[in-house]
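Take a look at the letters that make up each chain.
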Amino acid sequence: MGSQLPLFTEYIPTVAKFPTTRYQGSKQKFVDWIWDCIKEIPFHSALDAFGGSGCVSFRLKEEGKQVTYNDILPFNYIIGKALIENGNTYIDDFEIDALLRTDTDVEYPKFIERTFKDIYFTDEENRWLDMVSTNIRRIDNLYKQAIAYFALFQSCIIKRPYNLFHRRNLYIRLQEVERSFGNKKTWDTPFEVHFRKFIEEANNAVFNNGKICRSINRSIFDVEPFYDFVYIDTPYLNDSGIGIDYADFYHFLNGLVDYENWGSRIDYRSKHLRLFRQNNVWNNSNTIHQAFEQLFTQFQNSTMAISYRSNGIPTIDELTRMLEKLGKNIKIYQSRDIKYVLSSKQSHEVLIVAR
């Protein structure tokens, strides 16, 4: 695709606006509060160490910072390419139309249709995913491809109960029963409608702040420590020792971006066909303390801001002591109460600023 499409007049967006997302743990509702806590700190370069939805990176980019978005999950890295690194590339309507139709010269694979039958989406939707993801892989412009992937990811998420891929639960969508949660109209809206909407939102998020921003895909321990400011929002481990495994929640999206190798990465012993799990120090109460100590030591020459919850492991006092040992001055901010999705406990959003 890509070079096969004619050139059109550059897409002119509205004032850049971060798109709507339904990402577990997103800081979108807190991003203005976070900026208010750090806006008086002088810094030029910023690292968003666990970038996730990209909303904090986006806000830092809006504030004229040279932003590096990092996330270990490949699909998130692509989101960072589309919304943070990308400064002037858009997808126009003609290109969207091409992505959404079958090319008679292409033999489309049927991996999703055959592998994920009755797990996440209907047969028709699985065929659509095979077709559109194949068209996206044929785009030769990395930023256009990243925007298209972003729209595909969000379209998949919005049609899922709980917006996750942690269970084999297509039946929840299809049952004709009275529901106390979810939005059946959204679930039943065709993929194409969602896809076009999210392309438009991604286009409207593209802007150039005059700085070189980038997206990287590394373990945080492999990222160079040369930033004025580091924003840290690790996966949380609550006081019951239960953590959030984002790789398990969104494995289907990581599969989409590694389509050719997807089958060899699936743990077929799991009912919902997740990818084989990787060791994660942030989800283990035996390793998380050492992980934080290593992380803080790595970036001890930077100002750090750590988003956290009041009921996390390690405790806020423990994190504070780790930072004070490195000679840091600590300031702790606490937000309003909030109940998180899929959580029965009330907790406070906390920002620990270490200078």
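Relevant structure appears above.
Computed from a predicted model, the values in this text were never measured in an experiment.

## Things to note about the packing of aromatic side chains
Part 1 of the reasoning: Using the criterion set out here, one finds 33 aromatic pairs in the structure.
Part 2 of the reasoning: Residues Tyr23 and Tyr250 carry aromatic rings whose centres are separated by 4.7 Å and whose planes lie at 10° to one another, so their mutual orientation is stacked. Within this pair, whereas Tyr23 is found in the segment before α1 (31-38), its partner Tyr250 is found in the loop between α11 (246-249) and α12 (251-256), the two being separated by 227 residues in sequence. For the pair shown, Tyr23 and Tyr250 are each scored as buried.
Part 3 of the reasoning: Consider the rings of Phe50 and Trp282, whose centres lie 5.5 Å apart with planes at 85°: the pair is edge-to-face. You can see Phe50 sitting in the loop between β1 (45-48) and α2 (55-62) and its partner Trp282 sitting in the loop between α13 (262-265) and α14 (288-298), a full 232 residues away along the chain. Across the pair, Trp282 and Phe50 agree in class, each one buried.
Part 4 of the reasoning: Aromatic rings pair up to connect Phe111, Phe116, Tyr120, Phe121, Trp128, Phe165, Phe191, Phe195, Phe252, Tyr259 and Trp262 into one cluster.
Part 5 of the reasoning: Between Lys61 and the ring centre of Phe207, over which it is positioned, the NZ or CZ distance is 4.6 Å.

## Points about the side chain of Glu95
Part 1 of the reasoning: With respect to the helices, strands and loops of the structure, Glu95 is situated in helix α4 (residues 93-99).
Part 2 of the reasoning: Note on Glu95: relative accessible area 8%, which makes it buried.

## Structural notes on α2
Part 1 of the reasoning: Here α2 lies mainly inside the structure; seven of its eight residues are buried.
Part 2 of the reasoning: All of the buried residues in α2 are Cys55, Val56, Ser57, Phe58, Arg59, Leu60 and Lys61.
Part 3 of the reasoning: Contact partners of the buried residues in α2: α1, β1, β2 (66-70), α3 (74-85) and β4 (229-232).
Part 4 of the reasoning: A positive phi of about 85° marks Gly64, the residue just after α2.

Conventions used here
Residues numbered from 1 in each chain as written. Predicted model: local features only at pLDDT ≥ 70, side-chain atom pairs only at ≥ 80, totals over all residues. Heavy atoms only, no water. Phe/Tyr/Trp six-rings, centres within 6.5 Å; stacked < 30°, edge-to-face > 60°. Helix = DSSP H or I, 4+ residues; strand = E, 2+ residues; numbered from the N terminus. Buried < 20%, exposed > 50% of the residue type's maximum accessible area, 1.4 Å probe, protein only. Lys NZ or Arg CZ within 6 Å of the ring centre and 35° of its normal. Contact = heavy atoms within 4.5 Å.

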